[in-house]
Amino acid sequence: MNIYLLLCLEFAKISVFAVGGGLASLPFLYAMADKYGWFSYGELANMIAVSESTPGPIGINMATYVGYTCGGVAGGILSTLSYVLPSVIIGTFVAGFLQKFKTNATVEAAFYGLRPAVCGLIAAAGYQILTISILDIPAFQAGGGLAGLFNLPAILMFAVMTALTFKVKWHPVIYIVIAAAVGVVLKF
């Protein structure tokens, strides 16, 4: 099947089923990496970092980045449109009916039931990011011992950045720039 058609189908599916925002789409992206092999988990972690540090919603940034990585400029455009279009159509359709049914007990129960699912998807994405950035599972499996399991520079950077955010109230962009600069200088 054509890569552009696959990108459109995959990102339309992600748009429909990743309820809760961009981070909820990460499990779908990991599944896409496994299914098609277009990118590795490490490359996906880099895509997440770039998508988080660029303006705009992470889901749209991820769709653009993955699409561009897999299919060039056309892939980036098609992936982004495929990610956005179902949400726009569904949102427009639902907005018209939601005003009529917003006090309906079934609608309220459905939204209440979505909350734990969204939390679970975000927790799964957080765990996957943790295993890529903080833990070095391939080194551990290769016989690196328990000390080889942990990515000590990443843990140190996490601790320093966390401590800084509690002590110094800078704009988040400043922390992103600092982290990016440290990553470049220390070749993370």
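One can find the structure itself at the top, above this paragraph.
Parameters and conventions
- Throughout, residues of each chain are indexed from 1 in the direction in which the sequence is written.
- Where local features are concerned, this predicted model is filtered to residues with pLDDT of at least 70; where side-chain atom pairs are given and counted, the filter is 80 or more; whole-chain, interface and lining totals use all residues.
- Excluding hydrogens and water, the side-chain figures rest on all heavy atoms present in the structure.
- Centres within 6.5 Å are what make two rings of Phe, Tyr or Trp a pair, Trp counting through its six-membered ring; a difference in plane orientation under 30 degrees is then read as stacked, over 60 as edge-to-face, and the rest as tilted.
- Strands here mean DSSP runs of E at least two residues long; helices mean DSSP runs of H or I at least four residues long; both are numbered from the N terminus.
- Any residue under 20% of the maximum accessible area for its type is buried, any over 50% is exposed, and the rest in between are partly exposed; the area is computed with a 1.4 Å probe on protein chains only.
- Expected span, for any helix, means 1.5 Å times one less than how many residues it has.
- Any N or O atom pair separated by 3.5 Å or less is treated as a polar contact, with the protein-specific requirement of one donor-capable and one acceptor-capable atom, and with residues adjacent in sequence counted only for side-chain atom pairs.
- Lines fitted to C-alpha atoms define the axes here, with helix axes fitted over just the stretch in contact, and angles between the N-to-C directions of these axes take values from 0 to 180 degrees.
- Convention used here: angles under 35 degrees read as roughly parallel, angles over 145 as roughly antiparallel, angles from 65 to 115 as roughly perpendicular, and any remaining angle as oblique.
- Between two residues, a contact is recorded if the distance between any of their heavy atoms is within 4.5 Å.
- Basically, the charged four are Asp, Glu, Lys and Arg, the nonpolar ten are Ala, Val, Leu, Ile, Met, Phe, Trp, Tyr, Cys and Pro, and anything else, Gly included, counts as polar.
- A clockwise turn of the near helix away from the far one marks a right-handed crossing, whereas an anticlockwise turn of less than a right angle marks a left-handed crossing.

Chemist: Would you mind showing me how to read the packing of aromatic side chains here?
Modeler: A ring pair, where both rings are aromatic, is described by two values, the distance of the centres and the angle of the planes. Considering all chains together, one arrives at three aromatic pairs under this definition. Seen from their ring centres, Tyr 30 and Tyr 41 are 5.0 Å apart, and the 90° between their planes marks the pair as edge-to-face. Taken together, the positions of Tyr 30 in helix α2 (residues 26–36) and Tyr 41 in helix α3 (residues 41–53) put the pair eleven residues apart, joining distant regions of the chain. Considering the side-chain rings of Trp 170 and Tyr 175, the 5.6 Å spacing of their centres and the 40° angle between planes classify their relative orientation as tilted. By relative accessible area, which is 40% here, Trp 170 ends up partly exposed.

Chemist: What should I look at first to understand helix α5 (residues 105–133) in this one?
Modeler: Given 3.6 residues to a turn, an α-helix orients residues that are three or four positions apart in the same direction. For α5, spanning 29 residues, the distance from its first C-alpha to its last is 42 Å, which sits close to the expected 42 Å at 1.5 Å a residue. The set of residues buried in α5 consists of Val 118, Ala 125 and Thr 131. The opening residue of α5 is Asn 104, an N-cap whose side-chain oxygen sits 2.7 Å from the backbone nitrogen of Thr 106.

Chemist: Just checking my understanding: could you explain the packing of α2 against α5 for this structure?
Modeler: Where α2 contacts α5, the axes come no closer than 8 Å and their chain directions differ by 55°. The orientation of α2 relative to α5 falls into the category oblique. Contacts from Leu 26, Pro 27 and Tyr 30 in α2 reach Leu 121, Ala 124, Ala 125, Gln 128, Ile 129 and Ile 132 in α5. Its residues assigned to classes, the contact of α2 with α5 shows eight nonpolar, one polar and no charged.

Chemist: What exactly am I supposed to notice about the packing of helix α7 (residues 152–167) against helix α8 (residues 172–185) here?
Modeler: Each pair of packed helices gets described by two things: the angle between the helix axes and the distance between those axes. The interhelical angle for the contact between α7 and α8, taken along N-to-C directions, is 160°, at an axis separation of 12 Å. The angle between the axes of α7 and α8 places the two elements in the roughly antiparallel class. α7 and α8 meet at a crossing whose hand is right-handed. Together, Met 157, Met 161, Leu 164 and Thr 165 of α7 and Tyr 175, Ile 178, Ala 179 and Val 182 of α8 make up the contact between the two elements. Residues of the contact of α7 with α8, tallied by class, amount to seven nonpolar, one polar and no charged.

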